[in-house]
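Architecture and fold: a report
Spelled out from the first residue to the last, the chains are:
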Amino acid sequence: MALSREQVVETAVGLLRRYGLADLTMRRLGRELGVAPGALYWHVASKQELLVEVAAALLEQLPDPPADQPPAEALVGLAVALREALVQVPDGAGVVGLAYAVDPGSVRPLASLARLVQAAGAPPSERDAVAALVLHHVLGSVAAQQDRELAGTLQPASAAASMGDVDAHAKAFEVGLSVLVRGLVASR
C-alpha cells in the first residue's frame, strides 16, 4: 500500500497525542508506518513542515467565528477554543507555536487571530504584534497547565493540588484574556 501525506500527518498526530513532542521523531514515525525515515521526505520536506501540518490537523475542527458576532467576542471565543483544543494534547502548544513561528498564516485559526484583532480595535500597524500576544497568552497558559500536571504526576503528594490547578489555570487565562481584549477595545 502506498503511503500518503495524510497518513504521515495522521500518524504523527497520534504519536504526539500518545507520547509528546520529544518522542515524535522521523525515525519513530517511519517505524510506526513501517517505512525507512527517508521515505517520509517524499511526503514532507522537513520535520518543521510536518509539525506545521500536525498543528493544522490539531486545530482543523475549530469552527470559524460567526460572521455576525462582534469581533471582540469572536476573538475571545477563538482564543478559548484554541486553548481547549491544545490543553488536551501533550506539547500541543509547542507544536502550534512552531507552526506560527514558521508561518503565522499557515494554520487557519491562527490566520483568523490577526483579522479578529484588527476588527476588535488594533490599528493595522499593531495587528500582528497584538495577534502574537493573544496567541502567546493561549500557548503560555496551555504550557503552564501541562507543566503543572506533569509535575503532579512526578510528585504524587502534590497531585491533588495539581488537579485543582486546572480550574485555576483556566480562570487565570480567562482573566488575562479579558484584560487584553478590554484594552484592545478601549484603544479604538
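Scroll up to find the structure.
Residues numbered from 1 in each chain as written. Predicted model: local features only at pLDDT ≥ 70, side-chain atom pairs only at ≥ 80, totals over all residues. Heavy atoms only, no water.

This part is about the overall build of the protein chain. On a plain count of helices and strands, the protein chain comes out with nine helices and zero strands. Its helices and strands taken in sequence order, the protein chain reads α-α-α-α-α-α-α-α-α from the N to the C terminus. With the C-alpha coordinates of the protein chain rotated into their principal frame, the extents come out at 55 × 45 × 25 Å. Out of the 188 residues in the protein chain, the part that is buried amounts to 39%. Here the analysis covers contacts within the protein chain between residues at least 6 apart in sequence; of these, 70% occur between residues at least 24 apart. Surface exposure of the protein chain reaches about 9,800 Å², of which carbon and sulfur atoms provide 57%. One finds the centroid of the 15 positive side-chain charges in the protein chain at a distance of 3 Å from the centroid of its 20 negative side-chain charges. (Helix = DSSP H or I, 4+ residues; strand = E, 2+ residues; numbered from the N terminus. Buried < 20%, exposed > 50% of the residue type's maximum accessible area, 1.4 Å probe, protein only. Contact = heavy atoms within 4.5 Å. Areas by Shrake-Rupley, 256 points an atom, 1.4 Å probe, with all protein chains shown as cover. Lys, Arg positive; Asp, Glu negative; His and termini not counted. Charge placed at Lys NZ, Arg CZ, Asp CG, Glu CD.)

Within the structure shown, the criterion is met by six salt bridges. We note a salt bridge from Arg18 to Glu32, for which the minimum N-O separation is 3.0 Å. A residue pair is termed long-range when its members are at least 10 positions apart, and Arg18 in helix H1 (residues 5-19) and Glu32 in helix H2 (residues 26-33) qualify at 14 residues. You can call Arg18 partly exposed: its relative accessible area is 48%. Arg127 serves as the salt-bridge partner of Asp128, at 3.0 Å between the closest nitrogen and oxygen. On the basis of relative accessibility, which here comes to 44%, the residue Asp128 falls in the partly exposed class. Taken together, the salt bridges that share partners define one network made up of Arg5, Glu49 and Glu53. (Salt bridge = Lys/Arg side-chain N within 4 Å of Asp/Glu carboxyl O.)

What follows deals with the nonpolar core. Counting 55 residues, the largest nonpolar core has Leu50, Leu59, Leu110 and Leu113 as its most contacted members. When contributions to this core are tallied by element, the ones reaching two or more residues are H1, H2, helix H4 (47-59), helix H5 (71-87), helix H6 (92-102), helix H7 (108-120), helix H8 (127-154) and helix H9 (159-186). Not counting the four nearest positions on each side in its chain, Leu59 is found in contact with Leu82, Ala85, Leu86, Val96, Val107, Arg108, Pro109 and Leu110. (Core = buried A, V, L, I, M, F, W, Y, C linked by side-chain atoms within 4.5 Å.)

One pass over the full model with this rule turns up zero aromatic pairs. We note Arg28 situated over the ring of Tyr19; from NZ or CZ to the ring centre the distance is 3.9 Å. (Phe/Tyr/Trp six-rings, centres within 6.5 Å; stacked < 30°, edge-to-face > 60°. Lys NZ or Arg CZ within 6 Å of the ring centre and 35° of its normal.)

Peptide bonds are, in most cases, trans, and in most cases residues other than glycine have a negative phi. Here Asp91, not a glycine, exhibits a phi torsion of approximately 65°, which is positive. Along the chain, Asp91 falls in the loop between H5 and H6. For Asp91, a relative accessible area of 34% gives the class partly exposed.

Glancing now at the side chain of Ser112. Position of Ser112 relative to the elements: it lies in helix H7. Judged by relative accessible area, Ser112 falls into the buried class, the value being 8%. The contact partners of Ser112, leaving out residues within four places of it in the chain, are Asp64 and Leu78.

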